[in-house]
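Working through the structure, step by step
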Amino acid sequence: GKNLIGAFHQPRLVYAALDTLTTLPAREVAAGLGEVVKAALIDDPDLLELLESTAPAIRAGDPRLLARVVRRSIKVKSGIVQADALEHGVRRVLNLGHTVAHGLETALGYGVLLHGEAVALGLQAETIWAVREGFCVDHRLPQRLTAVCDALGLPTVRPPVDSDVVVAAMRLDKKGHGDNLRVPVPVRVGEVVQALLPLDRVGELLGTP
């Protein structure tokens, strides 16, 4: 709902009170890590490797590791937002995984998937599509994503849902551009491009003709 307000006020600082994570259920913490995976894909290959190599300790709440992944995620996002505060171009990469994620959230109804869970599923689905379409040159990336999401406690299989309803929701995505949808997709870890997908092919993101 916050996106409907339309007001911009850039923060003077970012304060992360990591102790609050200890008050959350494990599922909520894992959902937050979905956005960390996204940040790693966008601009931090070392962060993805850190997630892969230390997932059990991160899930267990190791404070030093959590501080590292949160700090690196903030650095990725703040750099992009500072470069494009009003989302005219570069900032669109932050929507990586969100085309499918928003479609799933809409089709399933509020609360069935936590946002980070939907993003994790979106990252996996959109990367598979990017490999198939030739945008992503790292053919191992879908498998890496599935493995790291699973290790972090994120879903790797979407809940039962009518694909037609998901596709209908994705066609209304805010990234629409005429008869096309702008879908950010990874070329490799640390590099993302904008793919123009005709609206009549949006179902391909779900593996649906």
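Note that this is a predicted model, so its numbers are computed, not measured. (Residues numbered from 1 in each chain as written. Predicted model: local features only at pLDDT ≥ 70, side-chain atom pairs only at ≥ 80, totals over all residues. Heavy atoms only, no water.)

Orientation of helix α4 (residues 98–108) relative to helix α5 (residues 115–133), taken along the N-to-C sense of each, is 130°, at an axis distance of 7 Å. One way to sum up the angle between α4 and α5 is to call them oblique. Along this stretch, α4 crosses α5, giving a crossing that reads as right-handed. Within the contact between the two elements, α4 uses H98, T99, V100, A101, H102, L104 and E105 and α5 uses H115, A118, V119, L121, G122, A125 and E126. (Axes fitted to C-alpha atoms, helices over the stretch in contact; angles between N-to-C directions. Helix = DSSP H or I, 4+ residues; strand = E, 2+ residues; numbered from the N terminus. Parallel < 35°, antiparallel > 145°, perpendicular 65-115°, else oblique. Left-handed = near helix turned anticlockwise from the far one by under 90°. Contact = heavy atoms within 4.5 Å.)

Applying the stated criterion across every chain yields a total of seven salt bridges. The residue K38 makes a salt bridge to E35 at a minimum N-O spacing of 3.0 Å. Within this pair, K38 and its partner E35 are both found in helix α1 (residues 26–43), separated by three residues, close to a single helical turn. Relative accessible area serves as the criterion here: at 6%, K38 is assigned to the buried category. In this structure, E133 engages R201 in a salt bridge whose closest nitrogen and oxygen atoms are separated by 3.0 Å. With a gap of 68 residues between them, E133 in helix α5 and R201 in the segment after β3 (191–198) connect regions that are remote in the sequence. The network of salt bridges with shared partners includes E133, R201 and E204. (Salt bridge = Lys/Arg side-chain N within 4 Å of Asp/Glu carboxyl O. Buried < 20%, exposed > 50% of the residue type's maximum accessible area, 1.4 Å probe, protein only.)

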